[in-house]
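# Notes for the structure review
These are the residues of each chain, in order.
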2 protein chains.
Amino acid sequence: MSKFRFAVLASGEGSNLQALIDEVHRRGVASLVLVLSDNEGAMALERARLASVPAVALPPLPREGRKSYHQRVGKVLAAVEPDLIVLAGYMRLLPPEFIAAMPPIINVHPSLLPAFPGLHAPLQALDYGAKITGCTVHLVDKGMDTGPVICQEALPVLPADTADSLHQRLKSLEHAALVRVVKAFALGKVKIIGRKIELEEDTDGNQDSVNQCI
Amino acid sequence: MSKFRFAVLASGEGSNLQALIDEVHRRGVASLVLVLSDNEGAMALERARLASVPAVALPPLPREGRKSYHQRVGKVLAAVEPDLIVLAGYMRLLPPEFIAAMPPIINVHPSLLPAFPGLHAPLQALDYGAKITGCTVHLVDKGMDTGPVICQEALPVLPADTADSLHQRLKSLEHAALVRVVKAFALGKVKIIGRKIELEEDTDGNQDSVNQCI
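If you're wondering where the values come from, they're calculated on a predicted model, not measured in any experiment. (Residues numbered from 1 in each chain as written. Chains lettered and ligands numbered in written order. Predicted model: local features only at pLDDT ≥ 70, side-chain atom pairs only at ≥ 80, totals over all residues. Heavy atoms only, no water.)

### Describing the sheet that holds strand β2 (residues 31-37) of chain B
Residues and elements named next belong to chain B. For clarity, the cut-off: Strands are labelled as partners when DSSP assigns at least two bridges between them. In this description a helix means any DSSP run of H or I spanning at least four residues, a strand means any run of E spanning at least two, and both kinds are numbered starting from the N terminus. Convention adopted: a line fitted to C-alpha atoms gives each axis, helices being fitted over their contacting stretch, and angles between N-to-C directions are expressed from 0 to 180 degrees.
Spatially, the seven strands line up as an open sheet ordered β3-β2-β1-β4-β5-β6-β7, and their pairing is mixed. The strands lining the two open edges of the sheet, one partner per strand, are β3 (55-57) and β7 (149-156). Geometrically, the sheet is characterised by an average inter-axis angle of 20° between neighbouring strands, direction not taken into account. With four bridges connecting them, strand β1 (residues 5-10) and strand β4 (residues 84-87) associate as parallel partners. In the strand pairing of β4, Val8 is matched with Val86.

### Observations regarding helix α3 (residues 66-80) of chain A
Residue and element names in this part refer to chain A. The test is simple: A helix is expected to span 1.5 Å multiplied by its residue count minus one. We call a residue buried when its accessible area falls under 20% of the maximum for its residue type, exposed when it is over 50%, and partly exposed in between, using a 1.4 Å probe and counting protein chains only. Throughout, the arc means that of the directions going from the helix axis to the C-beta atoms. What makes two residues a contact is simply this: any of their non-hydrogen atoms within 4.5 Å.
In this model α3 runs 22 Å from its N-terminal to its C-terminal C-alpha over 15 residues, within 8% of the 21 Å that 1.5 Å per residue would give. Within the span of α3, buried status applies to Tyr69, His70, Val73, Gly74, Leu77 and Val80. Projection of α3 onto a plane perpendicular to its axis shows the buried side chains occupying an angular sector of 145°, all on one side. For α3, exposure combined with an orientation more than 90 degrees from the buried face picks out Lys75 and Ala79. Tucked into the core, α3 has its buried residues touching β1 (5-10), β2 (31-37), β4 (84-87) and α4 (96-101). After α3 finishes, the residue Glu81 shows a positive phi value of roughly 50°.

### Some points on the packing of aromatic side chains
Heads up, the condition is: Aromatic contacts are taken between Phe, Tyr and Trp rings whose centres are within 6.5 Å, Trp giving its six-membered ring; a plane angle under 30 degrees counts as stacked, one over 60 as edge-to-face, and the others as tilted. In this analysis the charged atom, NZ for Lys or CZ for Arg, is taken to sit over a ring once it is within 6 Å of the ring centre and within 35 degrees of the ring normal.
Going through the model one piece at a time under the given rule, you end up with two aromatic pairs over all chains. Here the aromatic rings of Phe116 of chain A and Tyr128 of chain A are separated by 5.8 Å at their centres, their planes lie at 65°, and the arrangement is edge-to-face. Within this pair, whereas Phe116 of chain A is found in the loop between β5 (105-109) and α5 (121-128), its partner Tyr128 of chain A is found in helix α5, the two being separated by 12 residues in sequence. Residues Phe116 of chain A and Tyr128 of chain A agree in their burial class; the two are buried. The ring of Tyr69 of chain A carries Arg92 of chain A above its face, with NZ or CZ at 5.3 Å from the centroid. Note that Arg195 of chain A overlies the ring of Tyr128 of chain B, its terminal NZ or CZ placed 4.3 Å from the centroid.

And the structure:
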């Protein structure tokens, strides 16, 4: 197993988590040491168990505030000493104190940020009439989808697209982008200078490709 | 010559205008009937004269308001009866009354809108740390770069990019996109339904390409 340890926070179905299990954890590139969900019924927890990865359901207490809840989340995470935390469909905004106390946290979002932040990004893109959208892996800061970009991949919106069909295609992009970024972290290939982030695996990039994680 | 008539408003260098002269006007796909500039020294006017296209310098009068100025612009335009008006580096916001009185007006912007509207879009993209940007051809409405999207094309931001190098690469994309859209208008291949606009030339699109004007 790799010495590089990452944890995943997930709220839902966990398809991004599954990609990380299959392409990163099972291949020994990095060790998935914990999956934590705020939602006891999250399929993500089941996916973790099936992969023999520790899975913790930690639902918020009644009337528990965001800060207090994330103090509890932080304690559970600290116990497994992750080098990286991945938000994979985690539906809660993280308090600044939590972000400051943790190792790097990354998120994947189904648009080319700063376009279409927040909920229902594929529907936002359709309603705008965008011809191109994509996905973004970014460092998490205290804003909503405002952190420095690590990787973006582009995709055409097709005339017949619905929010669902577009989201499905974006999911595949998200999986690839997220796997690539976690691998790069594990290999020490992520260079962060303010908002400029390079994955050093391919800084000689290919101008013809717009699937650029450079 | 084509019966489809278009006019161009330009403020500056006119490289987008040149693409339209070379690829649309000279090929007889549509007739460029007027180039109008608010800037007497605009190279765009010289490019028009060299192509034997009527070129009008119409600088605003001292203290002339936006609405009053564009009434004069509108009169000049009305005299040549254009079917389409193209903003090619035109640096003034158009008043709603002008837009309402004119045939369709299109603009090209060096970003994937709604990301990076307004001035200095390539620099905005660099400062954000975007990995992918592009260009957008859109219908002009009363907002700043908010109109319905007709065509978008994507481009990777490279690690060594400066605002200038990025803008240069975006210029080539802009030329191709603008030529394509004006041709589509001339051929009656633009289908507008609210914010959803299709260029019917290739609605069978290619999922592998992100240079999508679909």
